[in-house]
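Report on the structure
The residues making up each chain are set out below.
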Amino acid sequence: MKYDQSRIRNFCIIAHIDHGKSTLADRILEKTGVMQLRDMTDQVLDSMELERERGITIKSKAVRMPYTAKDGREYVLNLIDTPGHVDFTYEVSRALAACEGAILVVDASQGIEAQTLANVYMALEHDLEILPVINKIDLPSAQPEVVKGEIEDEIGIDCEGAPLVSAKQGIGIEDVLEDVVMKVPAPEDDVDAPLQALIFDSYYDNYRGAISSVRLKAGRVKVGDRIRMMAGNREFDVTEVGTYLPLGYSPKDELCAGEVGYIAASIKDIADIHVGDTITLAANPAAQPLPGYKPVLPMVYCGIYPADGADYESLRDALEKLRLNDAALSYEPETSVALGYGFRCGFLGLLHMEIIQERLEREFDLDLVTTAPSVVYKVVKTDGTVQMIDNPTNLPPVQEIDWMEEPCVDAQVITPQDYVGAIMELCQDKRGTFKDMKYIEGNRVLLNYDLPLNEVIYDFFDQLKSRTRGYASFDYELKGYVRSDLVKLDMLLNGEQCDALSIIVHRDRAYPRGRSIAEKLKEAIPRQLFEIPIQAAIGGKVIARETVKALRKDVLAKCYGGDISRKKKLLEKQKEGKKRMRQVGSVAVPSEAFMAVLKMD
Amino acid sequence: MCKPLSLYFHVPFCVRKCAYCDFASWPGREGDWRRYFEALENELKDWSEITDFGRLSDHYCVQTAFIGGGTPTLAPAEVLCTITDQSRVLFPFAEDAEITIEGNPGTLTPEKLAIYRSAGINRLSLGAQSFDDGLLESLGRIHDARQIGEAVRMARDAGFENINLDLMYALPGQTMDQWIDTLNAATALGVEHISAYSLIVEEGTPMAARVAKGEAVLPDEDAVNAMQRAAIDLLARAGYGRYEISNYAKPGFECRHNLVYWRRGDYLGLGCAAHSMLQNCRFHNPENLDDYLAGGRRPDRQRLDARDILEETVMLGTRTTQGIDFGLFSGTDPARLKRLIQADLIAIENGFLRLTRGGLEVQDAVVLELLEVLGC
């Protein structure tokens with residue numbers, strides 16, 4: 001089809017988790033015929049095994065679909081898939097910036113949820129045309145009219161004629177596509193201006209190198225052009241441009257303003273491509289980059305070590321491979337007395353951290369020991385210098401510290417009214433500062449708190465879930481650093497400090513945390529030949545103590561008739577078990593114990 | 001030129017399986033008895049000709065033999081004794097060889113005992129297990145407490161001067177009082193040797209199923225240790241010295257055959273599921289009776305290397321109260337041994353390293369530690 005901006009529709013789908021975004025995307029691919037039914041697997045856009053299993057979308061993707069509308073004209077629809085989780089907010093915002101419209105999927109029985117609102121606000125910020133779609137109308141509990149009213153009242157979007165859909169059963173899909181064609185504005189980008197291509201995603205392809213997924217906001221780009229990354233300030237020669245099929249590439253001679261596609265330029269390192277950056281032509285550069293670029297900064301750090309020290313190289317290779325497709329992952333080598341050689345890794349948030357850990361274990365078959373996550377603390381030293389600390393072990397001695405600051409987030413909790421008390425109590429417990437409370441509809445409340453990030457990464461999610469029986473939803477954004485009375489809490493096993501178990505906590509929290517970690521360690525460390533005292537200490541002062549009693553019975557009563565094979569097997573098993581433990585001084589500590597610091601009652 | 005050799009004969013027949021038993025033993029196979037003893041005899045003959053370890057009869061002399069089961073005393077005595085007779089024909093025997101037969105108190109008669117004696121069997125090991133009829137029944141034993149005493153008296157009359165009773169503790173529902181009563185009843189019979197085994201619940205046994213269902217409740221480890229300590233003390237007062245984790249004897253009556261296992265002497269196991277160790281090579285016959293009867297023999301031989309030997313020496317030798325040669329530890333880190341000594345888990349005396357009473361209670365863990373000290 002000939003390039004014609006008026007026939008292009010760039011859109012995304014936004015929804016609360018589980019409201020059916022991926023299923024709707026699947027149906028759209030099917031309906032437009034880019035995916036044959038026999039090729040369809042559930043959640044086609046979610047190709048990572050982990051994504052399918054968790055039902056979440058981790059990386060952004062885009063697909064170009066030809067569609068002949070009821071008006072008899074042929075259109076080009078570009079569906080840009082976006083991640084749904086708060087950890088990936090920045091990636092979502094870049095994906096939205098590449099669109100003119102957004103399909104807002106709302107579950108016909110659940111109605112509006114926290115993420116629905118968060119996503120809508122983000123879409124409005126990008127001036128997107130929002131097309132409400134009521135999904136899951138096949139469910140007996142569906143109340144499409146009520147939900148429509150909710151959307152109109154709460155968001156102020158006209159729901160007259162909003163498609164009623166069952167993505168699962170393929171009902172109403174055509175209405176959605178017609179809406180996209182009729183209501184999403186066509187791009188009005190200047191094809192003759194200097195190139196401005198917004199990078200909304202990047203990933204690594206074994207044959208093409210690091211690839212940028214782009215939306216051209218101005219100009220054109222073709223093979224052989226020399227391009228420049230405006231923020232990254234690097235130049236490359238374009239080797240291929242094209243658009244996306246659901247499961248592959250469709251190379252083109254050229255990409256033009258208003259279009260969505262990819263640019264390959266033999267880029268070896270994914271780190272050279274920054275999501276949010278603008279690509280322009282070296283020969284005829286744009287005067288300004290597109291707005292909104294910000295470097296991705298890890299918010300949560302943890303130490304990742306191979307359970308078997310011999311796997312260090314494999315772990316490094318695995319991290320390197322994951323990093324190829326995930327610019328937000330950072331890692332650098334570190335050494336721990338207790339855990340040996342490993343890496344300090346930075347993540348966007350807890351989910352991101354979990355996903356990386358799981359991918360390392362699953363895709364690379366690695367056995368890992370992970371330390372408790374930490375945030376980055378700011379230490380102002382008495383000599384006036386400032387140090388950023390992402391590993392408690394690196395905290396300077398107390399006498400060198402003038403004061404410390406910790407990162408703080410702007411947190412929003414949306415909850416049914418009944419749980420307001422429980423949530424306020426939780427936020428109070430987590431050293432939160434109350435900011436605001438709004439009734440957003442009938443019986444729902446939006447609570448706004450400032451919370452220290454180190455409390456959020458601790459067990460905030462679990463607590464929130466259990467205290468509200470899963471009804472509340474939570475979103476946060478980094479706000480900045482605030483001064484705080486922080487101390488380093490050390491754990492001593494048989495009198496010896498275990499570096500991998502140290503954490504930084506607020507002084508008021510130190511005592512209960514120390515006690516609870518000591519209790520958890522007592523459960524996690526198996527009895528050994530000797531009694532093991534476990535102590536929690538701040539700067540040499542013991543604040544809590546537990547004891548793992550000495551082993552009392554561990555012997556095979558009988559080796560029958562000269563058959564010593566059982567005894568040998570048992571010995572091998574015990575040896576194996578011991579090998580899987582870390583030696584901290586004279587104490588053997590199982591890998592799980594290092595996560596004990598995290599787990600709370 | 002006579003190296004000591006021990007023979008083990010496995011007789012895999014019993015009246016019925018006990019609730020805790022996962023040994024190679026089958027009830028209701030009377031029809032196979034004759035075939036089985038023929039097979040044993042043939043295996044013996046084979047061994048008198050096999051030259052893999054040199055011709056055994058040329059440089060070995062049998063010091064101990066043990067006929068275990070199952071319930072060897074269930075088989076017709078004259079049939080059973082063909083194997084001891086045949087052994088003497090094929091191998092040189094020491095004059096004072098210790099020859100043990102294992103038996104169930106419910107299966108003995110004066111006639112059988114007389115035949116055993118005349119065949120040169122001079123030690124009787126009785127599976128008594130308990131003197132509490134309720135516990136005996138719950139274990140699925142085929143005899144009662146009274147029959148144990150009778151069996152001992154019959155054996156004495158037949159001329160047995162070396163008798164062992166196997167006892168079990170840590171049984172579901174067993175009280176300390178019941179255990180002490182059993183120990184007293186055993187010593188009152190004046191036997192020379194007592195084995196006191198803590199119950200091992202083996203997977204797949206009826207006992208394991210009962211425990212899993214909660215029908216049988218096992219005593220906790222403190223209670224088990226208390227029972228063991230009670231046994232050590234009570235038996236010591238009655239004149240039985242503890243020489244291995246589960247074995248006690250009057251002076252001079254330590255079971256020489258079992259010591260061969262702990263001290264890694266050469267032994268040849270014959271019959272189904274029988275294990276052997278000859279010249280640092282381990283092998284065993286098929287576990288299954290039918291496989292054995294079909295002629296299956298020693299599927300694989302595992303040659304032990306220096307590290308295996310050291311490991312076994314520590315693992316097995318520390319089960320005895322004599323312990324192991326302290327010379328093994330020359331050049332190792334004394335600090336780690338010192339820690340074990342200070343915790344009263346090991347003692348070093350007269351060139352031997354042995355486990356203390358407390359050390360024997362956690363022998364597996366101490367062995368692991370000692371092996372680490374030795375660097376294996």
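Just so it is clear, the model here is predicted, and its values are computed rather than measured.

1. Brief notes about the overall build of chain A
On a plain count of helices and strands, chain A comes out with 12 helices and 32 strands. For chain A, long-range pairs separated by at least 24 residues make up 69% of all intrachain contacts whose partners lie at least 6 apart in sequence. Carbon and sulfur atoms form 47% of the exposed surface of chain A, whose accessible area is close to 25,500 Å².

2. Brief notes about the overall build of chain B
Helix and strand content of chain B: 15 helices and 17 strands. Residues classed as buried in chain B amount to 57% of the 376 residues present. Within chain B, contacts between residues at least 6 apart in sequence are counted, and of these 70% link residues at least 24 apart. Approximately 14,700 Å² of chain B is accessible, and the part contributed by carbon and sulfur atoms is 50%.

3. Section: the pattern of salt bridges
Residue and element names in this part refer to chain A. If you walk through the whole model with that rule in mind, you get 59 salt bridges over all chains. Among the salt bridges present, the one from R27 reaches E30, with a minimum N-O distance of 3.4 Å. Here E30 and R27 lie together in helix α1 (residues 21–31), a separation of 3 residues that amounts to about one turn. On the basis of relative accessible area, E30 is assigned to the partly exposed category, the value being 23%. It is possible to trace a salt-bridge network through shared partners that takes in E406, K430, R431, E455 and R509.

4. Comments concerning the interface of chain B and chain A
Chain B puts 48 residues into the contact, and the matching count from chain A is 29 residues. Taken together, the two surfaces of chain B and chain A that pack against each other cover about 3,500 Å², and 57% of this comes from carbon and sulfur. For the pair chain B and chain A, the interface holds 10 salt bridges. The shortest N-O distance in the salt bridge between E372 of chain B and K578 of chain A comes to 3.3 Å. Residue contributions to the side of chain B that touches chain A peak at 9 residues, all from helix α15 (residues 363–373) of chain B. Grouping the constituent residues of the side of chain B that touches chain A by class yields 23 nonpolar, 10 polar and 15 charged.

5. As for the sheet that holds strand β12 (residues 248–252) of chain A
All names here are of chain A. If you trace the 8 strands from one edge of the open sheet to the other, you get β10-β9-β15-β6-β7-β14-β11-β12, paired in antiparallel fashion. With partners counted over all chains shown, the strands left at the sheet margins are β10 (234–237) and β12, one partner each. Across the sheet, the mean angle separating the axes of adjacent strands is 40 degrees when strand polarity is ignored. Here strand β6 (residues 196–205) runs beside strand β7 (residues 209–218); their pairing, made up of 9 bridges, is antiparallel. Each bridged residue has a counterpart across the sheet, and for A197 the counterpart in β7 is L216.

6. A closer look at the confidence of the model for chain A
Residue-level pLDDT values for chain A average 87, and 93% of them are 70 or greater. Taken together, the stretch residues 56–60 of chain A has pLDDT below 50 and engages in 33 contacts with residues farther than four places along the chain or on a different chain.

7. What to know about the side chain of D450 of chain A
Residue and element names in this part refer to chain A. Among the structural elements, D450 can be located in strand β24 (residues 444–452). Looking at D450, its side chain comes within polar contact range of the side chain of K479, at 2.8 Å. Dropping the residues within four chain positions of it, D450 is found in contact with C408, V409, D410, R431, G432, T433, K435 and K479.

8. Looking at unusual backbone geometry
The linkage connecting G69 of chain B with the following residue, G70 of chain B, adopts the cis geometry, with an omega of 15 degrees. Take G70 of chain B: it is sitting in the loop between β4 (60–69) and α3 (77–90). With a phi close to 50 degrees, N494 of chain A is a non-glycine residue in the positive phi region. Mapping N494 of chain A onto the fold places it in the loop between β26 (486–493) and β27 (496–497). Given a relative accessible area of 28%, N494 of chain A falls into the partly exposed group. A positive phi angle, near 50 degrees, is found at Q279 of chain B, a position not held by glycine. Residue Q279 of chain B is classed as partly exposed on the basis of its relative accessible area, which comes to 28%.

9. A look at helix α8 (residues 350–363) of chain A
Residues and elements named next belong to chain A. Across its 14 residues, α8 extends 19 Å between first and last C-alpha, which sits within 8% of the 20 Å expected from 1.5 Å per residue. Taken residue by residue, α8 has L350, L351, H352, M353, I355, I356, Q357, R359 and L360 as its buried positions. Looking one or two residues beyond α8, the residue adopting positive phi is D365, at roughly 55 degrees.

10. Regarding the packing of aromatic side chains
Any aromatic ring pair is given by two values, namely how distant the centres are and how the planes are angled relative to each other. According to the stated counting rule, one finds 19 aromatic pairs over all chains in the structure shown. Ring geometry for Y331 of chain A versus F343 of chain A: centroids 5.8 Å apart, planes at 80 degrees, classification edge-to-face. Of the two residues, Y331 of chain A sits in strand β17 (residues 330–336) while F343 of chain A sits in strand β18 (residues 340–347), which places them 12 residues apart along the sequence. On the basis of relative accessible area, Y331 of chain A is assigned to the partly exposed category, the value being 24%. Here the aromatic rings of Y8 of chain B and F66 of chain B are separated by 6.2 Å at their centres, their planes lie at 25 degrees, and the arrangement is stacked. Separated by 58 residues along the polypeptide, Y8 of chain B in strand β1 (residues 3–11) and F66 of chain B in strand β4 bring together distant segments of the chain. Among the residues examined, F66 of chain B registers a relative accessible area of 9% and is labelled buried. Directly above the ring of Y75 of chain A sits R7 of chain A, whose terminal nitrogen or CZ lies 5.8 Å from the centroid.

11. What to know about the nonpolar core
Within the largest apolar cluster, 78 residues are counted, with the highest numbers of intra-cluster contacts made by L7, W47, L80, Y116, L165 and L278 of chain B. For this core, the element with the highest residue contribution is helix α1 (residues 33–49) of chain B, accounting for 7 residues. One finds I356, Y377, M404 and V420 of chain A within the second-largest nonpolar core, a separate group that totals 48 residues.

12. Thoughts on the sheet that holds strand β17 (residues 352–355) of chain B
Residue and element names in this part refer to chain B. Read from one edge of the open sheet, 3 strands run β15-β17-β16, paired in antiparallel fashion. Strands at the two margins of the open sheet, each flanked by one partner only, are β15 (324–325) and β16 (346–349). Judged from the 2 bridges that link them, β15 and β17 form a sheet pairing that is antiparallel. Bridge pairing in β17 places D325 opposite F352.

13. Brief notes about the packing of helix α12 (residues 306–317) of chain B against α15 of chain B
Residue and element names in this part refer to chain B. α15 packs onto α12 with a crossing angle of 145 degrees between their chain directions and a minimal axis gap of 9 Å. Helix-helix and strand crossings are classified by hand; for α12 and α15 the assignment is right-handed. The residues of α15 that touch α12, namely those facing E311, V314 and M315, are Q363, V367, L370 and L371. The residue inventory of the contact of α12 with α15, partitioned by class, reads 5 nonpolar, 1 polar and 1 charged.

14. Some points on the environment of M168 of chain B
Residues and elements named next belong to chain B. Position of M168 relative to the elements: it lies in strand β7 (residues 163–169). Through-space distance from the C-alpha of M168 to that of S195 is 8.2 Å; in sequence the pair is 27 residues apart. Those residues within four positions of M168 in sequence are excluded, and the remaining contacts are Y20, Q129, L139, Q174, W179, Y197 and L199.

15. Re the confidence of the model for chain B
The predicted coordinates should not be examined in detail at positions where pLDDT is low. Residues at a pLDDT of 70 or more form 99% of chain B, whose mean pLDDT is 95. Scored as a whole, the predicted complex attains pTM 0.70, and scored at its interfaces, ipTM 0.86.

16. Here's the deal with the side chain of E311 of chain B
You can see E311 of chain B is positioned in helix α12. With a relative accessible area of 6%, E311 of chain B lands in the buried category. A distance of 2.4 Å separates a polar atom in the side chain of E311 of chain B from a polar atom in the side chain of K575 of chain A.

17. Some words on a nonpolar patch on the surface
On the surface, F434, M437 and Y439 of chain A cluster together to form a nonpolar patch covering roughly 290 Å² of accessible area. Of note, Y439 of chain A is situated in strand β23 (residues 433–441).

18. As for helix α9 (residues 420–429) of chain A
Residue and element names in this part refer to chain A. By the burial criterion, the buried members of α9 are V420, I423, L426 and C427. Down the axis of α9, the buried side of the element spans an arc of 125 degrees, and every buried residue falls inside it. One or two positions beyond α9, positive phi appears at R431, with a value near 60 degrees.

19. Let's talk about a negative patch on the surface
Judged by side-chain charge, E152, D153, D158 and E160 of chain A come together as a negatively charged surface patch. Relative to the helices and strands, E152 of chain A resides in helix α5 (residues 144–154).

20. As for the state of the cysteines
Within the structure shown, the criterion is met by 0 disulfides over all chains. Free of any disulfide, C2 of chain B has its nearest cysteine sulfur in C61 of chain B, 3.1 Å distant.

Conventions we followed
- Residues numbered from 1 in each chain as written.
- Chains lettered and ligands numbered in written order.
- Predicted model: local features only at pLDDT ≥ 70, side-chain atom pairs only at ≥ 80, totals over all residues.
- Heavy atoms only, no water.
- Helix = DSSP H or I, 4+ residues; strand = E, 2+ residues; numbered from the N terminus.
- Contact = heavy atoms within 4.5 Å.
- Areas by Shrake-Rupley, 256 points an atom, 1.4 Å probe, with all protein chains shown as cover.
- Buried < 20%, exposed > 50% of the residue type's maximum accessible area, 1.4 Å probe, protein only.
- Salt bridge = Lys/Arg side-chain N within 4 Å of Asp/Glu carboxyl O.
- Buried area = accessible area lost by both parts, 1.4 Å probe.
- Nonpolar A, V, L, I, M, F, W, Y, C, P; charged D, E, K, R; others polar.
- Pairing = 2+ DSSP bridges.
- Axes fitted to C-alpha atoms, helices over the stretch in contact; angles between N-to-C directions.
- pLDDT = per-residue confidence, 0-100.
- Polar contact = N/O pair within 3.5 Å; in protein donor to acceptor, adjacent residues only side chain to side chain.
- Expected span 1.5 Å × (residues − 1).
- Phe/Tyr/Trp six-rings, centres within 6.5 Å; stacked < 30°, edge-to-face > 60°.
- Lys NZ or Arg CZ within 6 Å of the ring centre and 35° of its normal.
- Core = buried A, V, L, I, M, F, W, Y, C linked by side-chain atoms within 4.5 Å.
- Left-handed = near helix turned anticlockwise from the far one by under 90°.
- Patch = residues over 30% accessible without salt bridge, like charges linked within 9 Å, V, L, I, M, F, W, Y side chains within 5 Å.
- Arc of directions from axis to C-beta.
- Lys, Arg positive; Asp, Glu negative; His and termini not counted.
- Charge placed at Lys NZ, Arg CZ, Asp CG, Glu CD.
- Disulfide = S-S within 2.5 Å.

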